[in-house]
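# An overview of the molecular structure
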Amino acid sequence: MTSTVPRSKAEANTAPPASRVTGRRGHGGRLGLRIRFRRDRTLILMTLPVLLLLLVFNYVPILGNVVAFQDYDPYLSDNGFVAMFQSPWVGLDQFQRVFEDSEFWHAVQNTFVLFFLQLVLYFPIPIALALLINSVIRPRVRAVAQAVMYLPHFFSWVLVVTVFQQIFGGAGVIAQTLRQHGHSGFDIMTDPSVFKYLVTAQMVWKDAGWGIIVFLAALAAVSADLYEAAAMDGAGRWRRMWHITLPALRPVIALLLVLRVGDALSVGFEQFLLQRQAVGPDASEVLDTYVWWNGIRNQDFSYAAAAGLIKGVVGLTLVLVANKVAHLMGEQGVYEK
């Protein structure tokens with residue numbers, strides 16, 4: 001026989017009705033869609049402009065890939081969109097042209113060479129800079145160092161190339177100084193043999209400081225108690241970095257590495273287009289400039305669309321493969337299993 005204990009009047013008034021509790025949560029104890037929308041409506045409104053821009057500039061243009069299977073002629077109609085429906089279908093002929101073009105494979109080769117150089121020479125630098133800044137004790141010195149490293153990210157590529165031209169060009173500071181002291185000058189900016197290293201150095205100077213933001217955020221989440229406990233156990237600076245700092249950065253490194261591999265075929269556009277005339281297309285032609293040159297300059301829109309579609313499919317495949325490798329290594333990657 002069970003006895004019921006009477007609740008006080010205050011407890012009875014404060015206890016929510018059973019219908020209210022069950023109405024807030026659905027199956028499995030999850031909040032209902034209406035409740036979650038009311039709770040997160042401010043965040044949803046804040047993200048609407050970003051979603052709109054993403055829809056207009058990233059997803060709507062995907063519909064234009066249909067011209068890769070056509071012999072697209074924008075002059076068939078006053079409206080380019082209507083001309084898509086009037087252009088004749090050619091099936092996979094444009095893709096066959098792409099695969100038979102030696103210049104396409106040369107652009108692919110240059111793209112992968114530059115990707116591996118950037119992966120080896122550029123990717124570790126933001127990690128090293130984040131570790132260096134994190135080791136600075138004085139907050140003011142750390143803030144000044146971050147500001148100095150962030151600043152080049154906001155420079156346009158026109159300004160970046162101009163700065164390098166004034167330093168490493170034939171009339172640059174270094175060449176003029178060498179001539180004043182009886183040595184022969186040099187011009188790195190027009191040397192095709194060192195162009196791949198030049199553009200990598202430009203990217204490091206421009207974006208390495210900006211790339212440390214994610215790593216600094218990951219390091220800020222590491223508890224200081226771990227470092228204190230390791231120091232009390234006799235661990236030096238290098239052992240603390242190896243056993244505490246780097247494991248904290250490992251998930252972020254894996255995520256950014258997967259994204260970087262997926263973006264392997266997009267090593268840059270404006271940077272290479274600005275220096276194309278100085279070093280020639282043999283050294284500076286990559287897939288982005290190849291698509292632009294054939295699609296915009298030569299107005300071969302269907303051919304350029306086919307080349308761009310091939311690039312997108314290969315990039316998606318690289319993301320999936322790299323993410324699978326991250327899962328095998330015990331990391332989350334871009335998405336969970």
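Residues numbered from 1 in each chain as written. Predicted model: local features only at pLDDT ≥ 70, side-chain atom pairs only at ≥ 80, totals over all residues. Heavy atoms only, no water.

### A word on the overall build of the chain
- Counting its regular elements, the chain contains 19 helices and 0 strands.
- Here the C-alpha atoms of the chain give a radius of gyration of 28 Å, more than 25% beyond the 20 Å that 2.2 N^0.38 yields for 337 residues.
- Along the three orthogonal principal directions, the C-alpha set of the chain runs to about 100 × 70 × 35 Å.
- Scored against the burial criterion, the 337 residues of the chain give a buried share of 31%.
- In the chain, of all internal contacts separated by at least 6 residues, the share reaching a separation of at least 24 is 62%.
- When the accessible surface of the chain is summed, it comes to about 21900 Å², and 65% of that surface belongs to carbon and sulfur atoms. (Helix = DSSP H or I, 4+ residues; strand = E, 2+ residues; numbered from the N terminus. Rg over C-alpha atoms; globule rule 2.2 N^0.38 Å. Buried < 20%, exposed > 50% of the residue type's maximum accessible area, 1.4 Å probe, protein only. Contact = heavy atoms within 4.5 Å. Areas by Shrake-Rupley, 256 points an atom, 1.4 Å probe, with all protein chains shown as cover.)

### Re the packing of aromatic side chains
- Inspection of every chain in the model, using the stated rule, returns 17 aromatic pairs.
- With centroids separated by 5.2 Å and ring planes inclined at 70°, the aromatic side chains of Phe104 and Trp105 adopt a geometry described as edge-to-face.
- Phe104 sits in the buried class, given a relative accessible area of 3%.
- Between Phe115 and Phe116 the ring centres are 5.2 Å apart and the planes differ by 55°, which places this aromatic pair in the tilted class.
- With relative accessibility at 5%, the residue Phe115 sits in the buried group.
- A connected cluster of aromatic rings, assembled from ring pairs, spans Phe99, Phe104, Trp105, Tyr290 and Tyr303.
- One residue, Lys206, lies across the ring of Trp157, its end atom 5.2 Å from the ring centre.
- Directly above the ring of Trp293 sits Arg276, whose terminal nitrogen or CZ lies 4.1 Å from the centroid. (Phe/Tyr/Trp six-rings, centres within 6.5 Å; stacked < 30°, edge-to-face > 60°. Lys NZ or Arg CZ within 6 Å of the ring centre and 35° of its normal.)

### Regarding helix α10 (residues 157-168)
- Between its first and last C-alpha atoms α10 spans 16 Å; for 12 residues at 1.5 Å apiece the expected length is 16 Å, and the two agree.
- Restricting attention to buried positions, one finds in α10 the residues Trp157, Val160, Val161 and Phe164. For α10, the angular spread of the buried residues around the axis is 95°, confining them to a single face.
- For α10, the secondary structure elements touched by its buried residues are α12 (195-220) and α15 (270-274). (Expected span 1.5 Å × (residues − 1). Arc of directions from axis to C-beta.)

### Re the environment of Val252
- The residue Val252 is located in helix α14 (residues 237-262) in this model.
- On the basis of relative accessibility, which here comes to 16%, the residue Val252 falls in the buried class.
- Put simply, Val252 and Met232 are 20 residues apart on the chain and 28 Å apart in space, counted from C-alpha to C-alpha.
- Sequence-distant contacts of Val252, that is, excluding residues within four places in its chain, are made with Val214, Phe215 and Ala218.

### Focus on the nonpolar core
- In terms of nonpolar packing, the biggest core is built from 38 residues, with Ile127, Phe195, Ile212, Phe215, Leu249 and Phe272 touching the most fellow members.
- Listed by contribution, the elements that provide at least two residues to this core are α7 (102-121), α8 (124-134), α10, α12, α14 and α19 (301-328).
- Those residues in contact with Phe272 that sit more than four places away from it in its chain are Leu114, Phe195, Val199, Val267, Ser284, Val286 and Thr289. (Core = buried A, V, L, I, M, F, W, Y, C linked by side-chain atoms within 4.5 Å.)

### Some remarks on unusual backbone geometry
- In this structure, Gln299 takes a positive phi of about 55° despite not being glycine.
- With respect to the helices and strands, the residue Gln299 is situated in the loop between α18 (287-297) and α19.
- Gln299 sits in the partly exposed class, given a relative accessible area of 43%.

### Regarding the side chain of Gln202
- For Gln202, the location among the structural elements is in helix α12.
- The residues touching Gln202, leaving out its near neighbours within four places in the chain, are Trp157, Val160, Val161, Phe164, Met189, Gln271 and Gln275.

### Points about the environment of Ile244
- Relative to the helices and strands, Ile244 resides in helix α14.
- On the basis of relative accessibility, which here comes to 13%, the residue Ile244 falls in the buried class.
- Sequence separation of Ile244 and Thr47 is 197 residues, and the distance between their C-alpha atoms is 35 Å.
- The residues contacting Ile244, other than those within four sequence positions of it, are Val222, Leu226, Tyr227, Ala230 and Arg239.

### Considering the environment of Arg240
- Mapped onto the fold, Arg240 is located in helix α14.
- Distance in space between the C-alpha atoms of Arg240 and Tyr227 is 6.6 Å, their sequence separation being 13 residues.
- Look past the residues within four positions of Arg240 in its chain and what remains in contact with it is Tyr227, Ala230, Ala231, Ala235 and Thr245.
- At 2.9 Å, the side chain of Arg240 forms a polar contact with the backbone oxygen of Ala235. (Polar contact = N/O pair within 3.5 Å; in protein donor to acceptor, adjacent residues only side chain to side chain.)

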